[in-house]
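Descriptive analysis of the structure
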Amino acid sequence: VSTQSTGKERDFDFLSSIELVALFMCDVFLMQNWEHLLHCLQHLNLQPSTPKHTDFSRVKQWALDGHGKSFRQSLVFSSLSSAQISALFGKECASQRGFVRISPLCQRDVLSQILYPVRQVFSRIRDKRPDEDLVEYLTTGRYQFFVDNLLPRLQRGDVTNVVILIPSYYDFVRVRNYFKKENLKFSQLSEYSSNKTITNVRRDFAEGNIKYLLTTERFFFFKRYKLSKVGQVLFYESPVYAECYTHYLNMLAEDGAVSTLLYNKLDGERLERIVGEQQCKQLINSQQTTHVLMSE
């Protein structure tokens, strides 16, 4: 189903009679283009726009009345929970029978998988103001905290080979453009980087010629490369997959290495997969804005 204008009339009628939708490994869609999935679901069970190729004697009355979504069964399977998947139920799944959600009783943390002693700093950004728009807070609040507080601190330090992991590609582009605007010396690795670019950046990083390396979680998901001589890791946001957190922390082989993770009160699901349920509650509900965990 394409939204591109190709000069041909787009046909969604073949999706009007879908009665069962099964999404397997739905979390993997988060590492692709989630908008494509939403676009397809939004065009299910629409009323046929043309009678061509339609045998109305076989069409049920509830479908003609536009109630196809209410009679469609949707099955969603995922290895993790996320806000996008939860919103999928509320917006695109409208079964008249309601819905059932089954999830694990407890969430194990991944801190035991960290191989070296790492000083893990969890820094909470400001809470949403009562008169502030939620979308504006989510898109700008974290960015302003990073630019105004965290990045100046990094620039004042003498640490090189800093990896800045940004889960969202949109945030990645925004931070990258800021680095270009401020003429900061950096390199980038994303899911769109060519093999030649990846090889050159990894070599320059190992040789200490790169102070900041911007990368995305999708690059980790699809490539799983290891970097040499990582001096510090900064997580712009809690990654979707908790193993991404340990993957980069295990590159910090030096004693006393430091990692920093930015989070807010809306990051509970992702944060819980990293530090566990009890630690997550402490980080979210504490009055302090900075917490330090030490892996042994």
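So, here is what we can say about the structure in this document.

Rules used throughout
Here the residue numbers are simple positions, counted from 1 along each chain's written sequence. Since the coordinates come from a predicted model, pLDDT governs what is reported: local features require at least 70, and pairs of side-chain atoms require 80 or more to be given and counted, while whole-chain, interface and lining totals use all residues. Excluding hydrogens and water, the side-chain figures rest on all heavy atoms present in the structure. Strand pairing is assigned whenever DSSP identifies at least 2 bridges connecting the two strands. Secondary structure is summarised from DSSP: a helix means a run of H or I of at least four residues, a strand means a run of E of at least two, and numbering begins at the N terminus for each. To get an axis, a line is fitted to the C-alpha atoms, and for a helix only the part in contact is used. The angle between two axes follows their N-to-C directions and goes from 0 to 180 degrees. Only heavy atoms matter for contacts: two residues are in contact if any of them lie within 4.5 Å across the pair. Buried Ala, Val, Leu, Ile, Met, Phe, Trp, Tyr and Cys residues form a nonpolar core when they are joined through side-chain atoms within 4.5 Å. Exposed residues in this analysis have more than 50% of their type's maximum accessible area, buried residues have under 20%, and partly exposed residues fall in between, with area computed by a 1.4 Å probe over protein chains only. Any Lys or Arg side-chain nitrogen located within 4 Å of an Asp or Glu carboxyl oxygen qualifies as a salt bridge. The crossing is said to be left-handed when, going from far helix to near helix, the turn is anticlockwise and less than a right angle, and right-handed when the turn is clockwise. Just so you know the grouping, Ala, Val, Leu, Ile, Met, Phe, Trp, Tyr, Cys and Pro go in nonpolar, Asp, Glu, Lys and Arg go in charged, and all remaining residues, Gly too, go in polar.

Observations concerning the sheet that holds strand β4 (residues 162-166)
In a beta sheet, neighbouring strands pair by backbone hydrogen bonds and run either parallel or antiparallel. Read from one edge of the open sheet, 7 strands run β5-β6-β4-β7-β8-β3-β9, paired in mixed fashion. In this open sheet, the two edge strands, each paired with only one partner strand, are β5 (186-189) and β9 (290-294). Adjacent strand axes in the sheet meet at a mean angle of 20° when their direction is disregarded. Contacting β3 (118-124), β4, β6 (212-216), β7 (232-235) and β8 (257-263), helix α10 (residues 242-249) crosses the sheet at an angle of about 160° to β7.

A closer look at the nonpolar core
For soluble globular proteins, the rule of thumb is that nonpolar side chains tend to be buried together. Phe122, Tyr245, Tyr248, Leu271 and Val275 are the most contacted members of the largest nonpolar core, which has 36 residues in total. With 5 residues, α10 is the largest single contributor of residues to this core. Setting aside residues no more than four positions away along its own chain, Leu271 makes contact with Phe122, Ser238, Leu261, Tyr263, Gly276, Cys280, Leu283 and Ile284. The next biggest cluster of nonpolar side chains, apart from the first, holds 23 residues, and it includes Leu151, Tyr212, Tyr236 and Leu262.

Some details on the pairing of strand β1 (residues 20-23)
Each regular strand displays side chains that alternate between the two surfaces of the sheet. In β1, alternate side chains face the same way, and those of Val21 and Leu23 are buried while those of Leu20 and Ala22 on the opposite face are not. The pairing of β1 with strand β2 (residues 73-76) spans 4 bridges and is classified as parallel. Bridge pairing in β2 links Val21 to Ser74.

Points about the pattern of salt bridges
Between side chains of opposite charge, a pair can form as their charged atoms come close. Across all of its chains, the model carries 9 salt bridges by this definition. Note that Glu132 and Arg129 form a salt bridge whose closest N and O atoms lie 3.9 Å from each other. Across the pair Asp267 and Arg142 runs a salt bridge whose closest N-O atoms are separated by 3.0 Å. Placement of Asp267 in the loop between β8 and α11 (268-275) and of Arg142 in helix α6 (residues 134-156) is noted, with a sequence separation of 125 residues between them. Relative accessible area serves as the criterion here: at 6%, Asp267 is assigned to the buried category. The buried category is assigned to Arg142, whose relative accessible area is 6%. Within the structure, one salt-bridge network assembled from shared partners comprises Arg126, Arg129 and Glu132.

Details of the packing of α6 against helix α7 (residues 169-181)
For the pair α6 and α7, interaxial distance at closest approach is 11 Å and the crossing angle is 35°. Pair α6 / α7 crosses with right-handed handedness. Between α6, through Thr139, Thr140, Tyr143, Phe146, Val147 and Leu151, and α7, the contact on the second element is made entirely by Arg174, Val175, Tyr178 and Phe179. Grouping the constituent residues of the contact of α6 with α7 by class yields 7 nonpolar, 2 polar and 1 charged.

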